[in-house]
Amino acid sequence: MTVPLVATAIAHPNIALIKYWGKRDVAENLPAVGSLSVTLDAMCSRTRVCFEPGRKGDSVRLNGREDAGAASRISACLDLLRRRAGVGHGALVDTDNDFPTAAGLASSASGFAALVTAAAAALGLDLPARELARVARLGSGSAPRSLFGGFVVLRNAPDGDVAVEPLLPAPAWPLRVVIAIVATAPKETGSRDGMAASRATSPYYGEWLRSHDADLEAGLRGVRDRDFAALAGVAEHNCLKMHAVMLTTRPPLIYWSPTTLACLQLVQSLRRAGTPVFFTIDAGPQVKAVCEPGAAALVRDALAAVPGVMQVIDSGLGPGAHCTDG
Ligand code: 2P0
């Protein structure tokens, strides 16, 4: 069979409602805990992978610039797929994000989901999602979640790897995610180093692991029942518990800015006043406000009026990673 050797894929970032923080195996990049996410439609990574006969090694361009730093993680994923396909060629990888990279907007998740989807297609591999997820998680622990659209759960599988499953398609519960961008600079400590430091030094890390399954199950119930109040309660609690672990890491991981806290308090006051909205915050200062569709305009206007908010992105829930032309 001849394989195309070139393909392009699009994947969207995802936002975790029940978070992943910490690894049980650093070398294999296996998450310590499961997670529950929504895939967004407003932003995307587009990745073109071209395997070239005779080329040694891989070359990576991120947003038009050579990125040697990302190349080793990308090559690790490509090596698995090359071995599988019996192909030895190096690849040119061109990836573009239409949103700030490495600022707590899950650029690595969408980037690696697009990468493995494009690379598998370029090599003529028709892999089940379970296998693609296992390649993607080597690049980024949150990337398997972007392989699917809507609500997605990533768990530790009984065989010791990860298992990713779509829980509810986007149209089944069309929540919106309003993102308040409060800074665009890359964060000081990336998730990978931050997770290792939390595991080694936070006195709360053990309790985070111990109590996580209950949060995940409560989050899954909230989604299955489309119970907004239940999901809001457990998602905010789980997010703040993760940040408590970050804050008690040595040296501390303080991802928030004063504007982050102002947005968080605004969301809390909106919900107290009856608006169906809750917040979540990742390893960065941006605040994601998840709301019912009818509340999106109010939430957007309220967040845009907070001093220090630079931009507000109003996103629906989007599809999983897929190949595209060009
Ligand atoms: C999440 N984060 O569940 C959590 C919340 C950040 C805070 O998944 O080390 O960039 O590449 O596996 O995938 C960030 O994780 O980390 C992340 P690696 P990744 O969305």
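Residues numbered from 1 in each chain as written. Predicted model: local features only at pLDDT ≥ 70, side-chain atom pairs only at ≥ 80, totals over all residues. Heavy atoms only, no water.

Further remarks concern the overall build of the protein. If you tally the helices and strands in the protein, you get eight helices and 16 strands. Relative to the 2.2 N^0.38 estimate, which gives 20 Å for 326 residues, the radius of gyration of the protein is 19 Å and therefore close to what a compact globule would have. Judged by the C-alpha coordinates and their principal axes, the protein covers about 65 × 40 × 35 Å. When each of the 326 residues of the protein is scored for burial, the buried share is 55%. By element, 54% of the accessible surface of the protein is carried by carbon and sulfur atoms, the whole surface being about 13200 Å². Side chains of the protein carry 32 positive and 30 negative charges; the gap between the two charge centres is 2 Å. (Helix = DSSP H or I, 4+ residues; strand = E, 2+ residues; numbered from the N terminus. Rg over C-alpha atoms; globule rule 2.2 N^0.38 Å. Buried < 20%, exposed > 50% of the residue type's maximum accessible area, 1.4 Å probe, protein only. Areas by Shrake-Rupley, 256 points an atom, 1.4 Å probe, with all protein chains shown as cover. Lys, Arg positive; Asp, Glu negative; His and termini not counted. Charge placed at Lys NZ, Arg CZ, Asp CG, Glu CD.)

Here helix α4 (residues 191–201) has its buried residues at Gly 194, Met 195 and Ser 198. For α4, the arc enclosing every buried residue in end-on projection is 100 degrees, short of the 170-degree limit, so these residues lie on one face. With respect to the buried face of α4, the exposed residues turned more than 90 degrees away are Asp 193 and Ala 200. In this structure, the buried residues of α4 make contact with β3 (23–25), α5 (205–224) and α6 (228–247). (Arc of directions from axis to C-beta. Contact = heavy atoms within 4.5 Å.)

Summed over the entire model, instances satisfying the criterion amount to 17 salt bridges. Here Arg 82 ties to Asp 79 by a salt bridge, and the two come within 2.8 Å at their closest N and O atoms. Linking Arg 82 with Asp 79, this pair stays in helix α1 (residues 68–85), spanning three residues, or about one helical turn. Note on Asp 79: relative accessible area 33%, which makes it partly exposed. A salt bridge links Asp 161 to Arg 134, with the nearest nitrogen and oxygen atoms 3.7 Å apart. Of this pair, Asp 161 sits in the loop between β10 (151–156) and β11 (162–168) while Arg 134 sits in helix α3 (residues 129–139); the two residues are 27 residues apart in sequence, bridging distant segments of the chain. No difference in accessibility class separates Asp 161 from Arg 134, as the two residues are buried. (Salt bridge = Lys/Arg side-chain N within 4 Å of Asp/Glu carboxyl O.)

For the rest of this paragraph, the subject is unusual backbone geometry. A negative phi holds for most residues other than glycine; trans holds for most peptide bonds. For the bond from Arg 250 to Pro 251, the omega torsion is -10 degrees, close enough to zero to count as cis. Unlike most non-glycine residues, Asn 63 shows phi in positive territory, near 50 degrees. With respect to the helices and strands, the residue Asn 63 is situated in the loop between β7 (59–62) and β8 (65–66).

As a further point, take the domain arrangement of the protein. Looking at the protein, the domain boundaries give domain 1 (5–170) and domain 2 (172–315). Using C-alpha coordinates to define each centre, domain 1 is positioned 23 Å away from domain 2. On the side of domain 2, 53 residues touch domain 1, which itself brings 38 residues to the contact. Among the residues domain 1 hides against domain 2, the three largest losses belong to Ile 18, Lys 19 and Trp 21. Together they make up 25% of the total. Run the count over domain 1 and domain 2 and you get two salt bridges. A salt bridge links Arg 155 to Glu 217, with the nearest nitrogen and oxygen atoms 3.3 Å apart. Between the two partners, domain 1 and domain 2, sit 14 residue pairs in polar contact (both at pLDDT 80 or more). When contributions to the side of domain 1 that touches domain 2 are tallied by element, the ones reaching two or more residues are β2 (14–18), β3, β5 (35–39), α3, β10 and β11. In terms of residue count, the dominant contributor to the side of domain 1 that touches domain 2 is β2 (four residues). Residue composition of the side of domain 1 that touches domain 2, by class: 25 nonpolar, seven polar and six charged. (Domains from an automatic or database assignment. Buried area = accessible area lost by both parts, 1.4 Å probe. Polar contact = N/O pair within 3.5 Å; in protein donor to acceptor, adjacent residues only side chain to side chain. Nonpolar A, V, L, I, M, F, W, Y, C, P; charged D, E, K, R; others polar.)

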